[in-house]
Amino acid sequence: MFPHRLPPRSPSGFHPGPCRQQPSPMEPRHYQHRQQRYDVPAYEILPTNERTQSPLPRLPPVHMNHYRKRKNDDDSSSGLKRFRGDDSSYSSMRYPPNQHPLPLYSPDQALAGSSRSPGTVFDHPQPDPRCRVPVISDSSVNLWVYAENDKVSLQIMELFEACQQQPSDLQSKEMCRSLLQKDIQRVLKGGNLYMTGSSMSGLASRSSDADLCFVLHKMTNPITVLTSIRKMMKSLKYIQQTLLIRAKVPILRFRERGSSVLFDLNVNNTVGIRNTFLLRSYAYADPRVRPLVLVIKKWARHHHINDASQGTLSSYTLVLMVLHYLQTLKLPVLPSLQREYPECFDPSLEIDMVPEGAQNVPPYNTQNDSSLATLLLGFFRYYSAQFSWKKKVISVCEATAFQKKTGGKWKNAFISVEEPFEKNNTARAVRDQAKFDAITSAFVESFQLLRSGEDLNCILPVNEIIAQESSWK
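Predicted, not measured: the structure shown is a model, and the values here were computed from it.

(A) Up close: the overall build of the protein chain. Along the protein chain, the regular secondary structure elements total 14 helices and 13 strands. Contacts in the protein chain between residues far apart in sequence, at least 24 positions, make up 69% of those at least 6 positions apart. On the protein chain, roughly 20500 Å² of surface is accessible, and the fraction owed to carbon and sulfur atoms is 52%.

Encoded structure:
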């Protein structure tokens, strides 16, 4: 399914390597750097029946000059590679010794919800060797390299560490998904329940909703299916406050009893599964992606431009805008993963194989060592002064912005962002001139305030947001 071939090195210096199979989760990893060998312990396994809070450690700032010097010294030596247990190599200069550069994988949790064993009782998450999904890992050590001891970068780090979804948050959502899978199969045979969206992509905060997709391998009216599920939920003690929303993609919204987390369940919206794992691969392609996305989503929510139901930007569109910006820098932070790894993100790939394809993508070997603050300011500069909203279409798939044609689907769009798989406009909710003006004004004003004030509090209340996320349960 995923051929082991070595594509030619691209002009950017990125060697995509083969789309390879993940090694056994219980095998230690071995890395070679210069003449020294580093051993990485076997994967950590999250318990499936406990909700254990695992706060990330607070780490002291690391001065960037030390890492820049080490990177320059190492880059001057030819033929030095860091091996991942096979022949795929990439730069190791960003990772301190013994720090695992990839997200960890847990074989005991089918967190995407594959659970492909017919007739099995799903009291706990069931493993599926074809659908092994990563557990969000701690990349804080890597991130301090990009703080550079400047105030805004450190504020971004503080916000990210306090607000990012914790492993225990994800585990709690997964346990609800697993129980619901069991109960749904009592009334609807032959379907599988997947967790999708930011909770699974690694781009969630503690207060993020959880998205679920129920996949039935036959054509079925979504409203009919959701109505049946809602009726069944009335007898479930762990579910409350169900609401059927008849949108373009109908969803059943509910809350787990005793929790503040909202769940949105859809039927057969399989493109959501594909883009979840595409975004997950981007989220871990560079350690700066996740904190940048989190702070920009918080910024957009604070400025009331992050609500597609109100004619502004969806969180998905915002993430694509961040990825596009990072792809189009003079020294790109990200490549086009769909172009570099076509086998891993093939739109015709069987849906249960999507997580396996995504887990074979390694971090990107970028030459861009900009700090978090520099990238955030550049993001606001790009969309306030450089990007042409009227003439350009954002394409993460092609890692570029292509020209709008005089006619066609992009003709009357205020903001044009190409969905990586379906190729439609993810920003089609922005239909009103006033809403568009509010969005563009927020970019311009925030760029000016952040540039002059050099304080993240100039554009959003950092401490207030941290307090809200810290109290989330």
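(B) Structural context of the packing of aromatic side chains. This model, assessed by the stated rule, comprises 19 aromatic pairs. Where Trp299 meets Phe380, the ring centres are 4.8 Å apart and the plane angle is 65°; that geometry is what we call edge-to-face. Taken as a pair, Trp299 in helix H8 (residues 289-302) and Phe380 in helix H12 (residues 372-386) lie far apart in primary sequence, 81 residues in all. Per residue, the accessibility class of Trp299 equals that of Phe380, and both read buried. An angle of 40° between the planes, with centres 5.8 Å apart, marks the rings of Tyr382 and Phe387 as tilted. Joined through ring pairs, the aromatic side chains of Trp299, Tyr325, Phe379, Phe380, Tyr382, Tyr383, Phe387, Trp389, Phe414, Phe436 and Phe443 make up one cluster.

(C) Representation of the side chain of Glu419. As for its position among the elements, Glu419 is in the loop between strand S13 (400-403) and helix H13 (433-453). At 7.2 Å, Lys423 is the nearest oppositely charged side chain to Glu419, a buried residue that forms no salt bridge. Those residues in contact with Glu419 that lie beyond four places of it in its chain are Val271, Asn275, Tyr316, Asn424 and Thr426.

(D) Fine view of the environment of Arg253. Looking at the secondary structure, you find Arg253 in strand S10 (residues 251-256). With relative accessibility at 26%, the residue Arg253 sits in the partly exposed group. Taking C-alpha positions, Arg253 is 9.9 Å from Leu212, a pair spaced 41 residues apart along the chain. Side-chain polar atoms of Arg253 contact the side chain of Asp264, separated by 2.7 Å.

(E) Expanded view of H13. The terminal C-alpha atoms of H13, which comprises 21 residues, lie 30 Å apart, in line with the 30 Å expected from a rise of 1.5 Å per residue. For H13, the set of buried residues is Phe436, Ile439, Thr440, Ala442, Phe443, Ser446, Phe447 and Leu450. An end-on view of H13 places all buried positions within 140° of arc, on one side of the element. In H13, those exposed residues whose orientation departs by more than 90 degrees from the buried face are Ala434 and Ser452. Those residues of H13 that are buried are in contact with helix H3 (151-163), H8, helix H9 (315-327) and H12. Put simply, Asp432 is the residue that caps the front of H13, since its side-chain oxygen is 2.9 Å from the backbone nitrogen of Ala434.

(F) Spotlight on the pairing of S13. Sheet topology note: the strand S12 (residues 392-395)/S13 ladder contains four bridges and is antiparallel. The residue of S13 that forms the bridge with Lys392 is Gln403. Where S12 folds back onto S13 in an antiparallel hairpin, the turn is made up of four residues, including Ala399, whose phi is positive at roughly 55°.

(G) Looking closely at the environment of Thr196. Inspection of the secondary structure puts Thr196 in strand S7 (residues 191-196). The exposure class of Thr196 is buried, given its relative accessible area of 5%. If we ignore the near neighbours within four places in the chain, the residues touching Thr196 are Asp211, Leu212, Cys213, Gly272, Ile273 and Thr276.

(H) Summary view of the side chain of Ser198. Along the polypeptide, Ser198 turns up in helix H5 (residues 198-201). The residues contacting Ser198, other than those within four sequence positions of it, are Leu203, Ala204, Ser208, Asp209 and Lys297.

(I) Examining the pairing of strand S11 (residues 262-267) more closely. Counting buried positions over the six residues of S11 gives five, a clear majority of the element. Across four bridges, S10 lies against S11 in antiparallel orientation. Along S11, the bridge assignment pairs Arg253 with Asp264. Between S10 and S11, which pair antiparallel and follow one another directly, the connecting turn spans five residues, one of which, Gly258, has a positive phi of 85°.

Thresholds, definitions, all that
- Residues numbered from 1 in each chain as written.
- Predicted model: local features only at pLDDT ≥ 70, side-chain atom pairs only at ≥ 80, totals over all residues.
- Heavy atoms only, no water.
- Helix = DSSP H or I, 4+ residues; strand = E, 2+ residues; numbered from the N terminus.
- Contact = heavy atoms within 4.5 Å.
- Areas by Shrake-Rupley, 256 points an atom, 1.4 Å probe, with all protein chains shown as cover.
- Phe/Tyr/Trp six-rings, centres within 6.5 Å; stacked < 30°, edge-to-face > 60°.
- Buried < 20%, exposed > 50% of the residue type's maximum accessible area, 1.4 Å probe, protein only.
- Lys, Arg positive; Asp, Glu negative; His and termini not counted.
- Salt bridge = Lys/Arg side-chain N within 4 Å of Asp/Glu carboxyl O.
- Polar contact = N/O pair within 3.5 Å; in protein donor to acceptor, adjacent residues only side chain to side chain.
- Expected span 1.5 Å × (residues − 1).
- Arc of directions from axis to C-beta.
- Pairing = 2+ DSSP bridges.

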